[in-house]
Each structure stands twice: as C-alpha cells, then as structure tokens.
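Each chain is listed here by its residues.
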Amino acid sequence: MDIDDASHEGKGEETKAKRIVVILVGAPGSGKSTFGEQVMRSSTRPWVRICQDTIGGGKSGTKAQCLKSAASALKDGKSVFIDRCNLDREQRAEFVKLGGPNVDVHGVVLDLPAKLCISRSVKRTGHEGNLQGGKAAAVVNRMLQKKELPKLSEGFTRITVCQSESDVEASLNTYSALGPLDTLPNGYFGQKNPDAKIQLGIMKFLKKAEVPAANAVSEAKSIQSSFSPQSIKEMDSSSNGPVNVSSFPENAGDITRLYSGGGLSCNVIANAANWRLKPGGGGVNAAIFNAGGPALEVATKEQAKSLQPGRAVVVPLPSNSPLFSREGITHVIHVLGPNMNPQRPNCLDNDYITGCKVLRDTYTSLFEGFASVARSQEKLAKGSNENHGPNPSELQDHTEGVNMKHSPNNDQKSKREGDHDNDRSKKCKGSQDEVGADIHGSRTGKLEKNNDKIDGSMTKIWGSWAQTLYHIAMHPERHMDVVLEISDNVVVLNDLYPKAKRHLLVLARYEGLDCLADVRKEHLHLLRAMHDVGLRLAEKFLQEDASLIFRLGYHSAPSMRQLHLHVISQDFDSKHLKNKKHWNSFNTAFFFDSVDAIEEVSSNGKATPRDDDESQLSIELRCHRCRSAHPNIPRLKSHISNCRAPFPPALLQSGRLVLAPCNADVGP
Ligand code: AMP
C-alpha cells in the first residue's frame, strides 16, 4: 500500500503534513465515536472517522473494508480515526501497518471503568453497532476480558491512555488543537501503571474491593471437595459479568453439552436467567432451556415463578430432561444478576454501590445453592458407600421407574442387578438440605435455608430421578394417563414395574411426607385413608380373581420420594422381580405392614422402621410361605409358583394378609 504517495504529489502545505492514524482502543461505551466526532468538529486538520459498524454502506462491515478505506483516506492526505474496539494486539496489527515515514500511528486508549461503559451502552439507543440494552453488559464484560493494552513495540509512535473522563478531556483537547502541520511527541502517555495488563473486570474488581465478595469466593472454595476444583476455579476467576455460565468449565465449550461435547461430568450448571425464569433471549438462558426441554420449564415453575436480582433458585432436574439423561446434570441453578435495563424490574439506574451489592448477593446465592447441592451429593455418596459402596456413577442410574435412555454415567445400567441395588444407593439418610429451595427467597412450600438450619419436615435427600411419585401426587391432573384414582388425600396408580400380578401404589397427597419416617400422629387419618383405599382396591381385585392374596405396606427406606403404600399380590409372578433386593424388600422386615404402621403411629406417635439399614435386602432368599431357602431368583420363582404351604403365623395375624373369604388354604 503506497500511502506515502500523497506527500510526493505536491499539494501545497498539506504535502509537508504528517498524517496520523489514531487507533482508538476501548470497550463499547468507552466513547470512541464521540472522541473522533468531537475532534473532527473542532480540528483544522482533515480527519476521517472509519467505523466498522457503519462502513458497509451504513451497516456493519469488515476489517478489510476499514483498512482499505483508511489507506485511501491517508492517500488523500487525511488523518484517520480507526473507530473499532481494537482491544487486542491482533486486532490492531494491520492498522498499525498503515504507518510509515509520513504517517504516525497513535493509540488512544479509552480505558474507562467497566461500569461506565456498561451503563452508557445499556442506555443508548440507535447505536451504530446496535449494541444497546440488556445484551450490552455481557458484551462489554466479555470484550474487556480480552483487552490487551497497546505497547509502543507494536509499532505505535505515540500511545495515550485515558483512565478517567478528565484524561479523555485532556486528550480530546490535544487532538482537537492539532493543526494540519502539527505533530505530537512520540512516547507513552497517561498510563499510571504500564505493567497493568488490563483494567479489572467486574468480578476481579469486586473481589478486591469488597470483603463479602471474598467470603463468597471462600465459600465456593469450601465446597471444592465436592466438586471439581477446576469448576470452582473457573467460577472463582470469572470476570465475565454476573454469572458467566460459559466460564465454567470453559474447556468443555457448550454448557449444554458438557458431557456429550466435552467429556466432562458435571452435576450442576448455573443459568444466567431472566427475571421471569422463562426460556428465551439469545444467550445462555435460551440454550439451557432449550437443552433442558419442557421438563426444565415445568420443574422451574414448581420452584419459583420469578426471581429478583441477586437471588438464585435451585431446580432439581427431572429425569426426563435431556440435560439429565444425556449430560448427567442433576440441578440447574437459575440466578439473576444486577439489572441495568430500564425496561426490566429493579433497574439499577446507575447506582453502582447497589449494583455491587446485588452482584455480591448473586454470587453468594449461586454459591449457596451450589454448596447445598454439593453437600447433598456428598452425603449421598457417603451414605451410598456406607451402605454398599456403589460406584458413584450409579447415583445417576435409577430404578426402572426412571426413563434413563442414555445417561453418560449409565454404563453400568445393563449390568445392574436391578432397581433396589440402585434405589438404595441413591438415597441419603440424615438431615434434609435445601435443594429445591429458593435461596434467600420466601417460602415456596418447599425447604428454605435459614441460618444454616434447615427448616423442613423431610428427612432424606432425593435425587431428581426419585421424585416422580412426588410429582404425580402433587399434580395428578398432569398425569391422568397413569393415575387410577384421585381423592383429597391420595392418588392411586399401578406400579410401573409391578413385582407381582397386581401391584398398586397409593400415594399420599401431602407435601412434606416423603416416607413413613415422616409420619406423625396427626397423619393417622391419612394412613388409615391410604389403607382403606388399598384394601378396597385389593378386595376389588379379589372379586376378579379369588386366588390372589394381598399385602399392604411401606418400604422402610423407600427409593422414591413421597409416602406411598404398596398394595401387592403375593404371587410375585412378574418379570420385573429380578433380584434379591426386589424380593427381600417385600418379604423381610424391610416391608412395614400398613396395619402395623397404623398401630405404631397411633400408640407411639410415629412408626419406627424396624430395619432400614438395608441389611434385610441382602439376606438369603426364602419362600414367603414355607420359608425354604433358595440359591437364586429363578429357583425361588419356580418354587413359589407351586408352593401352597401356609403363610407364617405372623402374616396371618392382624389382617396383614388380605384374601378372599373362600381362600381357606393359606393358613396352617
Ligand atoms: P419404594 O420407593 O422402594 O417403596 O418403591 C418405589 C416403587 O415405585 C417401585 O416398586 C417402582 O417399581 C415404582 N416406580 C418407579 N417409578 C415409577 C413410576 N414412574 N410410576 C409408578 N411406579 C414407579
């Protein structure tokens, strides 16, 4: 490019003029265009502003177009403002090459606080590059992360760094005063700390300036043991806006394909949600809701309908969400950062102090939600190891009741013995944590974190895979395809994986009653109602087939959340009965007869599971009638299909067995 031709063409005074290329460097909203325009208005030197946002005939164009246009302006003897962000060395390199013996290359860096750039970008309308409103903040933050201050060694003859509006003013005056023949001294001006790589991003700024933010970070560190140190590190060092979902973990790229795309097992993802907790927008929120499918929408609605800035809500992912089944994500934490868009509620209106507080709250809420899930999963893993030391991958595996099409952690599925192996490993005994709660939010009918004390009646942690019965009980109208009966107290349905010819579940329609251990005296009427419904249905079946015998009862440590009564025929003639744990869960002390539960709650105020430590599940296989031992399930099944021995006396007492009046041969 022979730009220097202009100096040989003999155009009077101007031929002696050194032209200048001023490469403006700064984030959107830093004032580059204003700078160029103001200089051009007052300067006697001929200037051209070359703006990439408008170079394509008023529309956004390419870098090549900018270069071409700059070269031609220089050739015409004009000085040039290169008005694009030019934040990194690579972006600047080709413009620097426009310099030569008669063309000086200057850098003017508008290194203003991010908050100022953001608030200007958010508020402006009719911006040339259409960067305004809600999306502007994210873009500014993202761009600032890439920023590399220019160095003279890149080929600049002069660099001026403006870090405040008064610096900008001074620089404006300098350039505005430049006559056609004037030159400016070479060198590096204005940068207070030339070694500073970039201006601090918002997060880094907060970490430095705000002690509570450091607390939030240290809290994140405290949960490192439960989560990958890498993911915590990524969160910790994120400087990309309130919740930079894409920053953890960057190495996996698309947050909705962490496992399938990046091979990364990740349980929890954060979503920079909108205040209505709805799908939409063009960014991460849309991508996560898309990937989570309708199940994520429904699950989100169940937790909260909207979110205030600074708040987070933890949403356990239902097993039918592709994010769960494909990626192994068990929870999505929706968070809402500070809002700078005047069209949305709680706009900050330039209040930076409140903005910092809201941002700090946002991270704290996110980390608290994260920590709650971490604690739950830690307990879950611990509980599992104590019980039968499963491979942690089994935590993702589930009973047959969950439709696990292709879980990344599901390699063991085909090998598993059967659902109770897995059921028992997913459960966690101990205190309930606040998973599912709106952190800091008001009570949602679910659990809430309150000064580290968990206020709630539930006593176990349930993975999202174990919530199906709960959802059916709470919203039977959404499950009319499977529901047989609904009343005020109960919902009845067929067990999806019946372990006998007839196998029903009677679900309690009460929030907070996950299992028998949660039942208290005030629930006695409910236990009775459940029993009565079970009895009525068993009797109905007996009318159809008098040879059936029923038993009604609860599993001492159920695998599925929501108090449910099993109504099961004693033939155990089912292809779904596959293993020792299936058998023993219905034929040992692990099975708590409904009549006994009613009796215990009525006299002791609660039903104490006799043996919920699962030792019962692994004892030898014995016929429930004659008590003969059998080496494996096929042999046991073959035996019970013919065994007509009387039932043990204990079962014949107190109405534990329900049989047709004509069925007399069951006793001794
Ligand atoms: P438990 O929680 O151990 O008392 O047993 C849970 C029962 O729920 C098992 O018998 C499963 O076969 C059954 N089950 C699992 N998923 C479903 C479902 N989606 N619908 C109906 N029954 C289910």
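Reference entry: report on the structure contained in this document. Position numbers for residues count from 1 along each chain, tracking the sequence in the order it is written. Only residues with pLDDT of 70 or above have their local features reported here, since the model is predicted, and side-chain atom pairs are shown and tallied only from 80 upward, although totals for entire chains, interfaces and linings are computed over all residues. Only heavy atoms go into the side-chain values, all of them from the structure, while hydrogens and water stay out.

1. As for the sheet that holds strand 6 (residues 187-189)
The pairing criterion is simple: DSSP has to find at least two bridges between the two strands. The helix and strand labels rest on DSSP assignments: H or I over at least four residues marks a helix, E over at least two residues marks a strand, and numbering proceeds from the N terminus. An order of 2-3-1-4-5-6 is seen for the 6 strands of this open sheet, with the pairing classed as parallel. Looking at which strands have only one partner, the edges of the open sheet turn out to be strand 2 (47-51) and strand 6. Across the sheet, the mean angle from the axis of one strand to that of its neighbour is 15 degrees, orientation sign disregarded. Sheet analysis places strand 5 (residues 158-162) next to strand 6, joined by 3 bridges and oriented parallel. The residue of strand 6 that forms the bridge with Thr160 is Phe189. Every residue pair with non-hydrogen atoms within 4.5 Å of one another is taken to be in contact. Comment: axis = line fitted to C-alpha atoms, over the contacting stretch for helices; angle = value between 0 and 180 degrees taken between N-to-C directions. Strands strand 1 (19-25), strand 3 (79-83) and strand 4 (103-110) of the sheet are contacted by helix 4 (residues 89-96), whose axis makes an angle of about 170 degrees with strand 1. Sitting on the sheet, helix 7 (residues 165-176) touches strand 1, strand 2, strand 4 and strand 5, and the angle it makes with strand 5 is about 145 degrees.

2. Side note on the site of the ligand
Here a residue counts as near a molecule or strand whenever at least one of its heavy atoms sits within 4 Å of it. Around the ligand, the structure places 20 residues, and the nearest of them are Asp495, His555, Ser559, His564 and His566. Two N or O atoms form a polar contact when they lie within 3.5 Å of each other; inside protein one atom must be a possible hydrogen donor and the other a possible acceptor, and for residues adjacent in sequence the pair counts only when both atoms belong to side chains. Within the side chain of His555, an N or O atom sits 2.8 Å from an oxygen atom of the ligand. Per-residue and other accessible areas follow the Shrake-Rupley method at a 1.4 Å probe size, with only the shown protein chains counted as cover for residues. For the ligand, whose free accessible area comes to 500 Å², the fraction covered by protein is 97%. Put simply, the parts of the chain that give the shell around the ligand at least two residues each are helix 15 (419-426), helix 16 (468-474), strand 14 (490-494), strand 15 (503-508) and strand 17 (564-569).

3. A closer look at the side chain of Gln616
Inspection of the secondary structure assignment puts Gln616 in the loop between helix 19 (594-604) and strand 19 (621-622). Only protein chains enter the accessibility calculation, which uses a 1.4 Å probe; a residue is then buried when its area is under 20% of its type maximum, exposed when over 50%, and partly exposed in between. Look at Gln616 and you get buried, because its relative accessible area is 16%. Looking at Gln616, its side chain comes within polar contact range of the main-chain nitrogen of Ala589, at 3.4 Å.

4. Looking at the packing of helix 17 (residues 524-544) against helix 19
At their nearest, the axes of helix 17 and helix 19 sit 10 Å apart, and the two run at 165 degrees to each other. Regarding the angle of helix 17 to helix 19, the classification is roughly antiparallel. Helix 19 is crossed by helix 17, and the crossing has left-handed handedness. For the pair helix 17 and helix 19, the contacting residues are Leu524, Leu527, Arg528 and His531 in the first and Ser594, Val595, Ala597, Ile598, Val601 and Ser602 in the second. Oblique is the label for any angle not covered by the other classes, which are roughly parallel (under 35 degrees), roughly antiparallel (over 145) and roughly perpendicular (65 to 115). Crossing chirality is assigned from the near helix's rotation relative to the far helix, an anticlockwise turn below a right angle marking it left-handed and a clockwise turn marking it right-handed.

5. Brief notes about helix 20 (residues 633-640)
Buried within helix 20 we find Ile633, Leu636 and Ile640. Down the axis, helix 20 shows its buried residues gathered within 65 degrees of arc, on one side only. Away from its buried face by more than 90 degrees, helix 20 exposes Pro634 and Arg635. In this structure, the buried side of helix 20 is in contact with helix 18 (580-587), strand 19 and strand 20 (629-630). By definition, the arc is the one covered by directions from the helix axis to the C-beta atoms.

6. What about the environment of Ala272?
Residue placement: Ala272 occurs in strand 7 (residues 268-272). Taking relative accessible area as the criterion, Ala272 reaches 30% and is therefore assigned partly exposed. In this structure the C-alpha to C-alpha distance between Ala272 and Val284, which are 12 residues apart in sequence, comes to 6.9 Å.

7. Topic: the pattern of salt bridges
Salt bridges, as used here, are contacts in which a Lys or Arg side-chain nitrogen is within 4 Å of a carboxyl oxygen on Asp or Glu. Under the definition given, this model contains 17 salt bridges. A salt bridge links Arg622 to Glu620; the shortest N-O distance between them is 2.8 Å. Residue Arg622 is classed as partly exposed on the basis of its relative accessible area of 28%. Take Glu620: its relative accessible area is 45%, and that puts it in the partly exposed class. Taken together, the shared-partner salt bridges in this structure form one network comprising Glu37, Arg49 and Asp83.

8. A few points about the side chain of Gln52
Examined against the element boundaries, Gln52 turns out to sit in the loop between strand 2 and helix 3 (63-75). Once you skip the residues sitting within four places of it in the chain, Gln52 turns out to touch Lys59, Ser60, Gly61, Thr62, Lys63, Cys66, Asp83 and Arg84.

9. So, unusual backbone geometry
Although it is not a glycine, Leu277 sits at a positive phi angle of roughly 55 degrees. Structurally, Leu277 is set in the loop between strand 7 and helix 12 (284-303). The class of Leu277 is buried, set by a relative accessible area of 7%. Of note, the phi angle at Arg627 is positive, near 70 degrees, even though the residue is not glycine. Relative to the helices and strands, Arg627 is located in the loop between strand 19 and strand 20.

10. Focus on the pairing of strand 8 (residues 312-316)
Most of strand 8 is tucked away, with 5 of its 5 residues classed as buried. Burial along strand 8 is two-sided: the face carrying Ala312, Val314 and Pro316 and the face carrying Val313 and Val315 are both buried. Relative to strand 9 (residues 331-335), strand 8 runs antiparallel, the two sharing 5 bridges. Each residue of the ladder has a partner; that of Val315, found in strand 9, is Val332.

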